[in-house]
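In case you want the letters, here they are:
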Amino acid sequence: MLNVNFDKINNLLPNVSEELDAIVKTSLADLIALGTDRILVPNITLHETIDRLEIKSEIIHPVNSTLSEIVKKKHKNAILFGSKYTMESNYIQSLFSSENIEILTPSKEEMDFIDYVRKQVYQKLETEELINKFNKVVAKYAEENAVVIACTELSVALSKQGENVFDMARIQIEYALN
């Protein structure tokens, strides 16, 4: 385990930058120097940067692990819940489309709400009412679709794991343990 100043990293996300690349490369090199052969990075957005870097160790990838689980369950599309950036960017969509799975997004209002929940959890300002409302939105979409939780803070807010709910952070941890 390596303790890294996440506030410094978080302030650079989601944008690509040489500064972010340098921090990530240095941190991963420090882990590898400790004799680590498998690495788990618990931030979904950061994997877009990690994918661009040449890392000589196994990265337990939350997107690929989740994609594998969705393919096993034979879903053809999935609703993406994450940061506003994640829901609007092509990163996850392009990885999923390689397996012929279409990524759908919630309505604009729900995307704003989901991003608000994420920010409240990160700042430790979430309320029980907010968490309940978030979980109702998840449940609504999970009735008929795969729902992908693509944000660590939203994993914290998620209270129920249903058959159609794919929580990237939990899936990544399960892959690491197995």
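Undergrad: So what exactly am I meant to see when it comes to the overall build of the chain here?
TA: Counting its regular elements, the chain contains 10 helices and six strands. For the chain, whose C-alpha radius of gyration is 16 Å, the value lies close to the compact-globule estimate of 16 Å for 178 residues. Considered along the principal axes of its C-alpha atoms, the chain spans approximately 45 × 35 × 30 Å. Partitioning the intrachain contacts of the chain with sequence separation of at least 6 by distance along the chain shows that 63% fall at a separation of at least 24. Taken as two groups, the 19 positive and 27 negative side-chain charges of the chain have centres that lie 2 Å from each other.

Undergrad: It is not clear to me how the nonpolar core should be interpreted in this structure. Could you clarify?
TA: In summary, soluble globular proteins display a tendency toward joint burial of nonpolar side chains. Core analysis: the largest hydrophobic core is formed by 39 residues, its most contacted members being F81, I92, F96, F134, V148 and I149. In this structure F134 touches F81, F113, I114, V117, I149, L154, A157 and L158, once residues within four positions along its chain are discounted. Listed in part, the 14 residues of the second largest apolar core include L12, L20, I23 and I59.

Undergrad: Mind showing me how you'd approach the packing of aromatic side chains here?
TA: The geometry of an aromatic ring pair comes down to the distance between the two centres and the angle between the two planes. For the structure on display, the rule yields three aromatic pairs. Among the aromatic residues, those joined into a cluster by ring pairs are F81, F134 and Y141. Directly above the ring of F113 sits K133, whose terminal nitrogen or CZ lies 4.8 Å from the centroid.

Undergrad: When you look at helix α4 (residues 62-72) in this model, what are you seeing that I'm missing?
TA: Since the α-helix turns once every 3.6 residues, residues separated by three or four places project in the same direction. Along α4, the residues that are buried comprise P62, V63, S65, T66, L67 and I70. Count one or two residues on from α4 and you reach K74, which has phi positive near 60°.

Undergrad: For this particular structure, what's the right way to read unusual backbone geometry?
TA: Most of the time, phi is negative for any residue but glycine, and the peptide bond is trans. Put simply, L13 and P14 share a cis peptide bond, and its omega is 5°. With respect to the secondary-structure elements, P14 resides in the loop between α1 (6-12) and α2 (18-33). A positive phi angle is found at K74, which is not glycine, with a value near 60°.

Undergrad: How should I be thinking about the sheet that holds strand β5 (residues 146-149) in this particular structure?
TA: Working definition: the strands of a sheet are paired by backbone hydrogen bonds and lie parallel or antiparallel to each other. Taken in spatial order, the four strands make up an open sheet running β4-β3-β5-β6, and their pairing is parallel. Two strands bound the open sheet, and with one partner strand each, they are β4 (102-104) and β6 (165-167). Within this sheet the neighbouring strands show an average axis-to-axis angle of 30°, counted without direction. One ladder, built from three bridges, connects β5 with β6; its direction is parallel. Across the sheet, residue V147 finds its bridge partner in β6, namely V165. Of the strands in this sheet, β3 (77-81), β5 and β6 are in contact with α4, which crosses β6 at around 160°.

Undergrad: I tried to follow the pattern of salt bridges on my own but got confused; where do I start?
TA: Pairing is possible between side chains that carry opposite charge, provided their charged atoms lie close to one another. Tallying each qualifying case throughout the model produces nine salt bridges. Here the salt bridges do not stand alone but share partners, grouping K84, K108 and D112 into one network.

Undergrad: In this structure, what is going on with the pairing of β5? I would like to understand it.
TA: Successive side chains on a regular strand alternate, one facing one side of the sheet and the next facing the other. Both faces of β5 are covered, namely the face carrying A146 and V148 and the face carrying V147 and I149. As paired strands, β3 and β5 are joined by four bridges and run parallel to one another. In the sheet register, I79 faces β5, and the bridge partner there is V147. For the segment spanning β5, helix α9 (residues 152-157) and β6, crossover handedness is right-handed.

Rules behind the numbers
Residues numbered from 1 in each chain as written. Predicted model: local features only at pLDDT ≥ 70, side-chain atom pairs only at ≥ 80, totals over all residues. Heavy atoms only, no water. Helix = DSSP H or I, 4+ residues; strand = E, 2+ residues; numbered from the N terminus. Rg over C-alpha atoms; globule rule 2.2 N^0.38 Å. Contact = heavy atoms within 4.5 Å. Lys, Arg positive; Asp, Glu negative; His and termini not counted. Charge placed at Lys NZ, Arg CZ, Asp CG, Glu CD. Core = buried A, V, L, I, M, F, W, Y, C linked by side-chain atoms within 4.5 Å. Buried < 20%, exposed > 50% of the residue type's maximum accessible area, 1.4 Å probe, protein only. Phe/Tyr/Trp six-rings, centres within 6.5 Å; stacked < 30°, edge-to-face > 60°. Lys NZ or Arg CZ within 6 Å of the ring centre and 35° of its normal. Pairing = 2+ DSSP bridges. Axes fitted to C-alpha atoms, helices over the stretch in contact; angles between N-to-C directions. Salt bridge = Lys/Arg side-chain N within 4 Å of Asp/Glu carboxyl O. Right-handed = clockwise from strand over helix to strand, strands pointing away.

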